Amino acid sequence: MKTISENRCFGGVQGVYSHASSATGTDMTFGLFLPEEAEHGPVPVLWYLSGLTCTHENAMVKAGAQGWAAEHGIALVFPDTSPRGEGVADDEAYDLGQGAGFYIDATEEPWAPHFKMWTYVADELPKIVTANFAVDEDRQAITGHSMGGHGALTLAMALPGRFRSVSAFAPICNPTNSDWGRKQFAAYWGDESKWGPHDATLLMQGPGFDGPILIDTGTDDQFGDKLGTEAFAAACAAKRQEATIRLQKGYDHSYFFVSTFMEDHIAFHADALYGG
């Protein structure tokens, strides 16, 4: 693992690191904020998964999360959204290829050799983080924005017991019924019969989640028709799932929206991470 940068931040350290990934077959970069408490022992960790076109850097710089995480003594991990580099498949469209990994493992060419983001985020990167930094693998929570909200919700439900809480900002909740989902699933997996269980609404109709959920979506979200918020809310109601789904008046899909409600989300996760 290579240290790219480390900066003092709210009493802790905001670092950026790279490593060779066996999952993607490429070098991968991630950001990690460690609060001051990590100097004395392992701290709980909140994973933040970013959206389409983002790298590890977008949320790390724009979301305003470190100050609130420092207040609660929580580490933050900011993974990249896809493999990158020479020889990695890409597409001219912003919503496919590099920057659009969708947190799934591709099986179709030309994506299959490198686009293994489910394995990377669910398995490889957590092992690297817990082996090298003072984070507590038993106290984890997850959040994300847009495509990253999709990833957060599906990881939380597909990995029971891993995360104590899950939240999302304008998540893609029903990708099998959305242009943000059907296009990528068809490219990465081929025929619809091969699509895996990576739809938060379908997962909620099945196993659900064994903890609290918080979702914020803006009423002026310019991509609202692609998110499937209503379908997910209906699935939560039918499941009698513990969930808070808020429609925030006048907010759009941007990081101005994310940063506005970041304090609420980190406090929500702190309650779960320190609650037992």
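Further up the page is the structure itself.
To start, this report covers the structure provided alongside it.

### Some remarks on the overall build of the chain
Reasoning step 1: Tallying secondary structure elements over the chain gives 8 helices and 9 strands in all.
Reasoning step 2: Computed over C-alpha atoms, the radius of gyration of the chain comes to 17 Å, within 12% of the 19 Å expected from 2.2 N^0.38 for 276 residues, which places it in the range of a compact globule.
Reasoning step 3: Positive and negative charge centroids in the chain, built from 17 and 36 side chains respectively, lie 3 Å apart.

### Examining helix α8 (residues 255–273)
Reasoning step 1: A bend of about 45° at Phe-261 is the largest found in α8.
Reasoning step 2: Taken residue by residue, α8 has Tyr-255, Phe-257, Val-258, Phe-261, Met-262, His-265, Ile-266, Phe-268, His-269, Ala-270, Ala-272 and Leu-273 as its buried positions.
Reasoning step 3: The N-terminus of α8 is capped by Ser-254, whose side-chain oxygen sits 3.2 Å from the backbone nitrogen of Phe-256.

### With respect to the nonpolar core
Reasoning step 1: Counting residues in each nonpolar core, the largest one holds 89 residues, and the members touching the most others are Phe-30, Phe-102, Ile-142, Leu-153, Leu-155, Tyr-188 and Phe-232.
Reasoning step 2: Not counting chain neighbours up to four residues away, the residues in contact with Ile-142 comprise Leu-46, Trp-47, Leu-49, Ala-152, Leu-155, Ala-156, Phe-163, Ser-165, Val-166, Ser-167 and His-269.

### Describing unusual backbone geometry
Reasoning step 1: Of note, the bond from Glu-109 into Pro-110 is cis; its omega dihedral lies within 30 degrees of zero at 0°.
Reasoning step 2: With a phi angle near 75°, Thr-53 is a residue other than glycine that sits in the positive phi range.
Reasoning step 3: Backbone geometry at Ser-146 places phi at a positive 60°, although glycine is not the residue there.
Reasoning step 4: Examined against the element boundaries, Ser-146 turns out to sit in the loop between β6 (135–144) and α4 (147–158).
Reasoning step 5: With relative accessibility at 3%, the residue Ser-146 sits in the buried group.

### Observations concerning the packing of helix α3 (residues 117–132) against α4
Reasoning step 1: Direction vectors running N to C along α3 and α4 enclose 60°, while the axes themselves pass 12 Å from each other. In terms of orientation, α3 lies oblique with respect to α4. The two elements α3 and α4 meet at a crossing, and its hand is right-handed. Only Thr-154, Leu-155 and Ala-158 of α4 make contact with α3, whose side of the interface consists of Trp-118, Val-121 and Ala-122.
Reasoning step 2: Grouping the constituent residues of the contact of α3 with α4 by class yields 5 nonpolar, 1 polar and no charged.

### Description of the packing of helix α2 (residues 65–72) against α8
Reasoning step 1: In contact at an axis separation of 9 Å, α2 and α8 are set at 30° when each is read in the N-to-C sense. Here α2 lies roughly parallel to α8, going by the angle between them. Where α2 crosses over α8, the handedness of that crossing is right-handed. Residues Ala-65, Trp-68, Ala-69 and His-72 of α2 touch α8, and the partners they reach there are Met-262, Glu-263, Ile-266, Ala-267 and Ala-270.

### A word on the packing of aromatic side chains
Geometry of an aromatic ring pair is reported as the spacing of the ring centres plus the angle between the planes.
Reasoning step 1: Across all of its chains, the model carries 14 aromatic pairs by this definition.
Reasoning step 2: An angle of 80° between the planes, with centres 5.5 Å apart, marks the rings of Trp-111 and Tyr-188 as edge-to-face. Of the two residues, Trp-111 sits in the loop between β5 (75–79) and α3 while Tyr-188 sits in helix α5 (residues 179–189), which places them 77 residues apart along the sequence.
Reasoning step 3: Members of the aromatic cluster, each reached through a chain of ring pairs, are Phe-102, Phe-185, Trp-189 and Trp-195.

### Observations concerning the pattern of salt bridges
Reasoning step 1: This structure, assessed with the given rule, holds 10 salt bridges.
Reasoning step 2: For Lys-194, the salt bridge goes to Glu-108, with nearest N and O atoms at 3.8 Å. With a gap of 86 residues between them, Lys-194 in the loop between α5 and α6 (200–205) and Glu-108 in the loop between β5 and α3 connect regions that are remote in the sequence.
Reasoning step 3: Here Glu-108 falls in the partly exposed class, since its relative accessible area comes to 25%.
Reasoning step 4: The partner of Arg-139 in a salt bridge is Asp-136, and the shortest N-O contact between them spans 2.9 Å.

Procedures and definitions
- Residues numbered from 1 in each chain as written.
- Predicted model: local features only at pLDDT ≥ 70, side-chain atom pairs only at ≥ 80, totals over all residues.
- Heavy atoms only, no water.
- Helix = DSSP H or I, 4+ residues; strand = E, 2+ residues; numbered from the N terminus.
- Rg over C-alpha atoms; globule rule 2.2 N^0.38 Å.
- Lys, Arg positive; Asp, Glu negative; His and termini not counted.
- Charge placed at Lys NZ, Arg CZ, Asp CG, Glu CD.
- Bend = angle between axes of the 7 residues up to and from the residue.
- Buried < 20%, exposed > 50% of the residue type's maximum accessible area, 1.4 Å probe, protein only.
- Polar contact = N/O pair within 3.5 Å; in protein donor to acceptor, adjacent residues only side chain to side chain.
- Core = buried A, V, L, I, M, F, W, Y, C linked by side-chain atoms within 4.5 Å.
- Contact = heavy atoms within 4.5 Å.
- Axes fitted to C-alpha atoms, helices over the stretch in contact; angles between N-to-C directions.
- Parallel < 35°, antiparallel > 145°, perpendicular 65-115°, else oblique.
- Left-handed = near helix turned anticlockwise from the far one by under 90°.
- Nonpolar A, V, L, I, M, F, W, Y, C, P; charged D, E, K, R; others polar.
- Phe/Tyr/Trp six-rings, centres within 6.5 Å; stacked < 30°, edge-to-face > 60°.
- Salt bridge = Lys/Arg side-chain N within 4 Å of Asp/Glu carboxyl O.

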